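Residues per chain, in single letters:
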Amino acid sequence: MTVKVPFNRPCTLGPDAAYVREAIASGHMCGDGPFSRRAQAFLETTFHAPRALLTTSCTAALEMSALLCDLGPGDEVILPSYTFVSTANAIALRGARPVFVDIRPDTLNLDEALIEAAITPRTRAIWPVHYAGVACEMDTILTIARRRGLVVVEDAAQGVFASYKGRALGTLGDLGCYSFHETKNISCGEGGALLVNDDRFARRAEILREKGTNRSQFLRGQVDKYTWVDVGSSYVPADILAAFLVGQLEAGERITARRGELCAAYARMLAPLAERGLVRLPGVPEGCVSNHHMFYLITADASQRAALMDQLRGAGYMATFHYVPLHTSPVGQSYGWRAGSLPVTEDLSARLLRLPLFCDMAMADVEAVARAVCAFYGVECRDAA
Ligand SMILES: *Cc1c(COP(=O)(O)O)cnc(C)c1O
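What counts as what
- Residues numbered from 1 in each chain as written.
- Predicted model: local features only at pLDDT ≥ 70, side-chain atom pairs only at ≥ 80, totals over all residues.
- Heavy atoms only, no water.
- Disulfide = S-S within 2.5 Å.
- Buried < 20%, exposed > 50% of the residue type's maximum accessible area, 1.4 Å probe, protein only.
- Pairing = 2+ DSSP bridges.
- Helix = DSSP H or I, 4+ residues; strand = E, 2+ residues; numbered from the N terminus.
- Axes fitted to C-alpha atoms, helices over the stretch in contact; angles between N-to-C directions.
- Contact = heavy atoms within 4.5 Å.
- Near = heavy atom within 4 Å.
- Polar contact = N/O pair within 3.5 Å; in protein donor to acceptor, adjacent residues only side chain to side chain.
- Areas by Shrake-Rupley, 256 points an atom, 1.4 Å probe, with all protein chains shown as cover.
- 1 Å grid on protein atoms, 1.4 Å probe; cavity = no way out; pocket = protein on both sides within 12 Å on 5 of 7 lines; lining within 4 Å.
- Sits in = over half its atoms within 2 Å of the grid points.

*Asks:* Would you mind showing me how to read the state of the cysteines here?
*Replies:* Cysteine pairs can be covalently joined through their sulfur atoms, and such a bond is termed a disulfide. Under the definition given, this model contains 1 disulfide. At a sulfur-sulfur separation of 2.1 Å, the disulfide partner of Cys-374 is Cys-381. Across the disulfide from Cys-374 to Cys-381, rotation about the S-S bond amounts to roughly 95 degrees, and the bridge is consequently right-handed. A relative accessible area of 1% places Cys-374 in the buried class. When its relative accessible area of 11% is taken as the criterion, Cys-381 is described as buried. In this structure Cys-30 is not part of a disulfide, and its nearest cysteine sulfur, from Cys-188, lies 16 Å away.

Here is the structure:
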């Protein structure tokens, strides 16, 4: 079998490589140089984030968030089970307990109607995840959090350039975490950012990121020497990576628009399958603007997904499933979670299939993949345009 269309391929529509050469020539290779400042300023200006700090990954930003939430043994954090392992790991690393809540069937996001029932006197925070770049119901989540005195940390790894009621994902909670991993819309290979939206976390966030020192205050001339003032780690990415990232961010609108065209073509071609009730296609709730991070379909059952995935891969089209729910994983089970407790998560995670999508994907390849899906169901595709 030869791969005709990979699931993902790193691609660019911006001056990324030229900026990397510029960064190398400047002689500033380590973090917090000119390109890091440009990337942070871009995030703060474009997304109206009060403070953006580049990190080595979204995982690192989530770990910083767990420290900023002051999580420790006995504390509980509410999050979906249908997420990447880093969301839960950051909580577990602090000795706190992940409390998994089921997802909404339409967006596969944390079901806001189930949050109240999961809150106990030990609950410290709510960590919603914006799946596929479509926002959680943030007004409801923020209202609950405010009433109960809980910190809200958005895992917006997939949400860069997506919005909720006109506000960028990652800027709605107290803290927001972005990913610039190769698999995300905007990428520098490995990278991330922590958006600090509540001022009470700003000073400590800087210190955690600088190995527990007050080096940032020293560089601003606010203290005359810097020293060890808190715990922390090395969360600062190199300026050459930031240079690549600036190129990606500057092309961000075009990358997002191109992905939107590709998703629209998939949606149009596959509409006859949805109309016949053979599959379900992604929808975007009122008030949410997607960044087209993902195009998925929900099949009738797990065996149909396996058969469709095998047939597509056999033809060279690298469709792929997504998360194994964390509550059924070995570590999830060690916290006492069992299969059967989150029915929507268990059902949909077994039926979801993601189709190839990347910013320089040829429209002809979208058409070929869509036709292969239609052929599996023995239904004629609609034309792409
Ligand atoms: C990709 C992803 C992460 C991890 O991002 P890294 O930058 O690779 O650490 C975390 N959460 C979600 C929901 C993701 O999709």
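Right, picking up where we left off after that structure.
*Asks:* What am I meant to see in the sheet that holds strand S9 (residues 192-196) here?
*Replies:* For sheets, the rule is that strands pair by backbone hydrogen bonds, running either parallel or antiparallel. With mixed pairing, the 7 strands of this open sheet are ordered in space as S1-S9-S8-S5-S4-S2-S3. Each edge of the open sheet carries a strand with a single partner, namely strand S1 (52-55) and strand S3 (97-101). For this sheet the average axis-to-axis angle between neighbouring strands, irrespective of direction, equals 25 degrees. Of the strands in this sheet, S1, strand S8 (175-179) and S9 touch helix H2 (residues 34-46), which is tilted by about 130 degrees from S1.

*Asks:* Hey, could you run me through the side chain of Ser-290 in this one?
*Replies:* By the secondary structure assignment, Ser-290 is in the loop between strand S10 (288-289) and strand S11 (296-298). Of the residues examined, Ser-290 reaches a relative accessible area of 11% and is grouped as buried. Ser-290 has contacts with Ala-132, Gly-133, Val-134, Ala-162 and Val-284, leaving out every residue within four places of it along the chain.

*Asks:* Quick question: what am I supposed to make of the sheet that holds S10 here?
*Replies:* In space, the 3 strands of this open sheet follow the order S7-S6-S10, with antiparallel pairing throughout. In this open sheet, the two strands that pair with only one neighbour each are strand S7 (167-168) and S10. Pairing of strand S6 (residues 163-164) with S7 involves 2 bridges; the strand directions are antiparallel. By the bridge assignment for S7, Ser-163 is matched with Ala-168.

*Asks:* Would you explain the site of the ligand in this entry?
*Replies:* Neighbouring residues of the ligand: 14 residues in total, closest Thr-59, Asp-155, Gln-158, Ser-179 and Lys-184. In the environment of the ligand, an oxygen atom lies 2.9 Å from a nitrogen or oxygen atom belonging to the backbone of Cys-58. The separation between an oxygen atom of the ligand and a polar side-chain atom of Thr-59 is 2.5 Å. Taken by itself the ligand offers 390 Å² of open surface, and the protein chains cover 93% of this. Placement of the ligand is best described as lying within the largest pocket.

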